[in-house]
Amino acid sequence: MIATIIGALLPIVVTLILGFVAGWHHDFDGKQATILNRMVMLSLFAGMVGTARDEVLSQGVLALTILVGMAGGYAVVFLICRYVFRRDMMTASLQALAVAGPAVAFVGVSVLGHLFGTASAIPISVASLVMNLIQVPATLMLLSAGQAQRPQSQMGARSAPPSLGHHIVHALREPVVWAPLLALLLVIFNLHFPAAI
C-alpha cells in the first residue's frame, strides 16, 4: 500500500520541487507552462483514444457522478462563501473554483494513471470537461457580474460583461477542452488511429 501511494504521489512532489527551483532561478516562464500543458493534453488524448468504445460508453454513471460532484460542489461552496462567510461575489466564485475545481488534468494523469492505467483517461477527461465547460465559465461570469456591481469610481469606464456563450466559446478554443472532446468523439464513433501513431 505504501509503495502504491509513493509511486502515485512522488512524481507530483518531485515535479513541484523542480518547478519551484526552476521558477526561483527564473528558468521557467508562462511560455514553457503552455508547452507543458499541451504535453499533458497530448498524453490525456492518447490515453482516451486508446480506450475501447464499450469501456467509454459503460462509464455513463461515473461521468454523471463527476458532473454532479464537481458542478454541485462548486455551487455549494459558492453559496457558503457568499452567504455564510459574506464574501463578495468575485471572491466567492474564486474560492468555489479553488475548492471544487481539482487540477485533475495534471495531477490525475500522474496519480490515476499510476493506479488504473489507461482506464483513468475517462474520468480525467470528464473532470477536465466539467471544469473547463462549467466551472471556469461560471467563475468568469460571476467575476464579470461582480466587477459590474462595483462603483464607477473603482472601475473607470464600464463595458458590458462578456456573455456565457462568449466564455464557453473561449473555453472550447483551449486544448485542455477540445482535446478530451475530440478524443471522446473519436472513440464514440469508433474511429481509431493506427497503433504505430
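Relevant structure appears above.
Here goes a summary of the coordinates provided.

Scoring rules and cut-offs
- Residues numbered from 1 in each chain as written.
- Predicted model: local features only at pLDDT ≥ 70, side-chain atom pairs only at ≥ 80, totals over all residues.
- Heavy atoms only, no water.
- Helix = DSSP H or I, 4+ residues; strand = E, 2+ residues; numbered from the N terminus.
- Buried < 20%, exposed > 50% of the residue type's maximum accessible area, 1.4 Å probe, protein only.
- Contact = heavy atoms within 4.5 Å.
- Areas by Shrake-Rupley, 256 points an atom, 1.4 Å probe, with all protein chains shown as cover.
- Lys, Arg positive; Asp, Glu negative; His and termini not counted.
- Charge placed at Lys NZ, Arg CZ, Asp CG, Glu CD.

### Concerning the overall build of the protein
So, step 1. Of regular secondary structure, the protein possesses 10 helices and zero strands.
So, step 2. The order of helices and strands in the protein, counted from the N terminus, is α-α-α-α-α-α-α-α-α-α.
So, step 3. Here the C-alpha coordinates of the protein stretch approximately 60 × 45 × 35 Å along the principal axes.
So, step 4. Put simply, the protein has 197 residues, and 30% of those count as buried.
So, step 5. Restricting the contact set of the protein to residue pairs at least 6 apart, pairs at least 24 apart contribute 73%.
So, step 6. For the protein, the exposed surface amounts to about 12100 Å²; the carbon and sulfur share of it is 72%.
So, step 7. Each charge sign in the protein was given a centre, from 9 positive and 6 negative side chains, and these centres are 15 Å apart.

### With respect to unusual backbone geometry
So, step 1. Its identity is not glycine, yet His-26 carries a phi of approximately 60°, on the positive side.
So, step 2. Looking at where His-26 falls in the secondary structure, it is placed in the loop between α1 (2-24) and α2 (30-49).
So, step 3. With relative accessibility at 70%, the residue His-26 sits in the exposed group.
So, step 4. Although it is not a glycine, Arg-86 adopts a positive phi angle of roughly 60°.
So, step 5. A residue is classified by how much of its surface remains accessible, and Arg-86, at 66% relative accessible area, is exposed.

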